[in-house]
Amino acid sequence: MHAAFAWMHGNPKTILDWQRELCAIPAPPFGEEARGRWLTARFVEIGLEGVETDEAGNVLGYAPTPQLGAEHSGPIVVLSAHLDTVFPAGTALQPVVRTVDGADRLECPGACDNCAGVAGMLAVAKALVSTGVEIPCPVLFVGNVGEEGEGDLRGMRHLYRTEPLAGRIAAHVVLDGAGADSAVTQALGSKRFQVTIAGPGGHSFTDAGTPNPIAAMATALASIAATVLPDEPRTTLNLGTIHGGTSVNSIPESATATVDFRSTSAEELIRLEVALHRAAEDAVESWNARARAPRSRGLLSFSIAKIGDRPAAVLPEESPILNTLRAVDRHLGLPTGARLGSTDGNIPLSLGVPAISLGAGGEGGGAHTLREWYSTKDREAGLRRVLLLTLAIAEWAAEQ
Ligand SMILES: [Zn+2]
């Protein structure tokens, strides 16, 4: 263990170089391949075994342990960090490193979210492998795709749904961004929908009496916006976008809107989904009832498409991974602030797999903006925390 800590203490420049190289490689949603290839090369260089890219594009590699082998089917522990960014293809990525208050500060979109997480994962992998620390059960390192926005956690969904890993992951540590003082233990769920109301459309004067999709959409949205939301469990709704119509003197043929619901309670999310269906149906029915013969060219219909679905879940207070993290934090003198968040951890948590999402040490700011930055200040403490938690939880998993 001391040798592993010593590697991390002695190699801050290697870790920062990885992070800077990675930052310069674009990874828009659904475009993570180039980063995947870079990570594959690092995994092989470090000496991970069974390095591969799965069908979703996740890059996997195991720390060498005696239990590894074709016949191994026991529990494994996962340490993962997402590769994707929110930035579209074509965003300028020119990482700059300056010294601020004695620490290196890396400035680039994605520097912290999540190049800090990936660099931290590599540091832990390298520290474990190069010093030959005995690992009680296989630890799988994953650079995964599809965490941000429309990626909708597709990398994690694939990992948990697909053989040979489905059902074998005993515990999961997610590295996302910076920090060493808190942990995401409550998975904020979200459901996102696109509502479309369509009709025959027509001329604003000669076809007057034909029901209007924009009027029906306005009725539906006004009704859903007035839904009463609980403070506890904290639940929110947002009407995000609205589009429709062709010109001021045409009855539109369609209107669309997108809606976002968030909660830590799966029941609240279902309640809102039902309310949305009811609001759209009621609005369409009431506007169809007002269609006036003989000029009405027809009636309205609606459809609702799910465009995002992140499951909500909460890690139990006495979960082994949370108790282990508390012990690690006591040992290192760090606080264990429990937080709410929407991360890759939503998937394992919703399946009942103990999972926690941590920062990979250091400090960061400007996430999801072009002015994003990361500072290496106190990175080492965060990495020690991750390394100790991973090993301790692997010991627990080996006994399962
Ligand atoms: Zn992230």
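To be clear, the structure that these remarks concern was listed above.
Residues numbered from 1 in each chain as written. Predicted model: local features only at pLDDT ≥ 70, side-chain atom pairs only at ≥ 80, totals over all residues. Heavy atoms only, no water.

## Comments concerning the pattern of salt bridges
Right, so step 1: Counted under the stated rule, the structure contains 18 salt bridges.
Right, so step 2: One salt bridge in this structure joins Asp309 and Lys191, with 3.8 Å as the shortest N-O distance. Separated by 118 residues along the polypeptide, Asp309 in strand S14 (residues 301-310) and Lys191 in strand S9 (residues 189-198) bring together distant segments of the chain.
Right, so step 3: On the accessibility criterion, Asp309 (24% relative accessible area) is partly exposed. (Salt bridge = Lys/Arg side-chain N within 4 Å of Asp/Glu carboxyl O. Helix = DSSP H or I, 4+ residues; strand = E, 2+ residues; numbered from the N terminus. Buried < 20%, exposed > 50% of the residue type's maximum accessible area, 1.4 Å probe, protein only.)

## Some points on the nonpolar core
Right, so step 1: Grouped together as the largest cluster of nonpolar side chains are 70 residues, with contacts concentrated most on Leu39, Met121, Phe141, Leu175, Ile356, Leu358 and Leu387.
Right, so step 2: For this core, the leading source of residues is helix H4 (residues 115-131), giving 12 residues.
Right, so step 3: For Ile356, the contacting residues outside a window of four places in its chain are His172, Val173, Val174, Ala183, Val184, Thr185, Leu315, Ile321, Leu322, Leu325 and Leu389. (Core = buried A, V, L, I, M, F, W, Y, C linked by side-chain atoms within 4.5 Å. Contact = heavy atoms within 4.5 Å.)

## Some details on the coordination of the zinc ion
Octahedral six-donor coordination of a metal ideally yields angles of 90 or 180 degrees, compared with 109.5 degrees for tetrahedral four-donor coordination.
Right, so step 1: Bound to the zinc ion are the protein donor atoms His82 (NE2), Asp113 (OD), Asp176 (OD) and Asp176 (OD), situated 2.0 to 2.7 Å from the metal.
Right, so step 2: Mapped onto the polypeptide sequence, the residues donating to the zinc ion form the spacing pattern H-x30-D-x62-D. With Asp113 in the loop between strand S5 (103-107) and H4 and Asp176 in the loop between strand S7 (169-175) and strand S8 (182-187), this pair connects stretches of sequence that are 63 residues apart. Comparing Asp113 with Asp176, the two get one shared label, buried. (Donors = N, O, S within 2.8 Å, 3.2 Å for Na, K, Ca; no water.)

## Observations concerning the packing of helix H1 (residues 2-10) against helix H10 (residues 379-398)
Right, so step 1: In the contact formed by H1 and H10, the axes pass within 10 Å of each other and the chain directions differ by 150°. One element, H1, and the other, H10, form an angle in the roughly antiparallel class. For the element pair H1 and H10, the recorded crossing hand is right-handed. Note on element contacts: H10 touches H1 through Glu380, Leu383, Arg384, Leu387 and Leu388, opposite Ala4, Phe5, Met8 and His9.
Right, so step 2: By residue class, the composition of the contact of H1 with H10 is 6 nonpolar, 1 polar and 2 charged. (Axes fitted to C-alpha atoms, helices over the stretch in contact; angles between N-to-C directions. Parallel < 35°, antiparallel > 145°, perpendicular 65-115°, else oblique. Left-handed = near helix turned anticlockwise from the far one by under 90°. Nonpolar A, V, L, I, M, F, W, Y, C, P; charged D, E, K, R; others polar.)

## Here we look at helix H6 (residues 213-225)
Right, so step 1: Spanning 13 residues, H6 covers 18 Å between terminal C-alpha atoms, matching the ideal 18 Å at 1.5 Å per step.
Right, so step 2: Regarding H6, the residues found buried are Pro213, Ala216, Met217, Ala220, Leu221 and Ile224. Along the long axis of H6, the arc covered by the buried residues comes to 130°, so they all point the same way.
Right, so step 3: The secondary structure elements touched by the buried residues of H6 are S9, strand S11 (235-244), strand S13 (254-263) and helix H7 (266-289). (Expected span 1.5 Å × (residues − 1). Arc of directions from axis to C-beta.)

## Some thoughts on the packing of aromatic side chains
Right, so step 1: Counted according to the given criterion, the structure contains 2 aromatic pairs.
Right, so step 2: Geometrically, the ring pair formed by Trp7 and Trp18 is stacked, given 6.2 Å between the ring centres and 25° between the ring planes. Taken as a pair, Trp7 in helix H1 and Trp18 in helix H2 (residues 12-23) lie far apart in primary sequence, 11 residues in all.
Right, so step 3: A relative accessible area of 12% means that Trp7 is categorised as buried.
Right, so step 4: A residue is classified by how much of its surface remains accessible, and Trp18, at 8% relative accessible area, is buried.
Right, so step 5: Ring centres 5.9 Å apart and planes at 55° place the aromatic pair Phe193 and Phe261 in the tilted group. Pair noted here: Phe193 is in strand S9 and Phe261 is in strand S13, with a separation of 68 residues, a long-range link. With respect to burial, Phe193 and Phe261 carry one shared label: buried.
Right, so step 6: One Lys or Arg, Arg42, reaches over the ring of Trp38 and ends 5.0 Å from the middle of that ring. (Phe/Tyr/Trp six-rings, centres within 6.5 Å; stacked < 30°, edge-to-face > 60°. Lys NZ or Arg CZ within 6 Å of the ring centre and 35° of its normal.)

## Regarding unusual backbone geometry
Right, so step 1: In this chain, Asp113 is followed by Asn114 through a cis amide linkage whose omega measures 15°.
Right, so step 2: Structurally, Asn114 is set in the loop between S5 and H4.
Right, so step 3: Cis rather than trans, the peptide bond between Glu232 and Pro233 has omega equal to -5°.
Right, so step 4: Looking at the secondary structure, you find Pro233 in the loop between H6 and S11.
Right, so step 5: One non-glycine residue with positive phi stands out, namely Asp152, at about 55°.
Right, so step 6: The backbone of Leu153 shows a phi angle near 65°, a positive value even though the residue is not glycine.
Right, so step 7: Mapped onto the elements, Leu153 comes out in the loop between strand S6 (139-144) and helix H5 (154-161).

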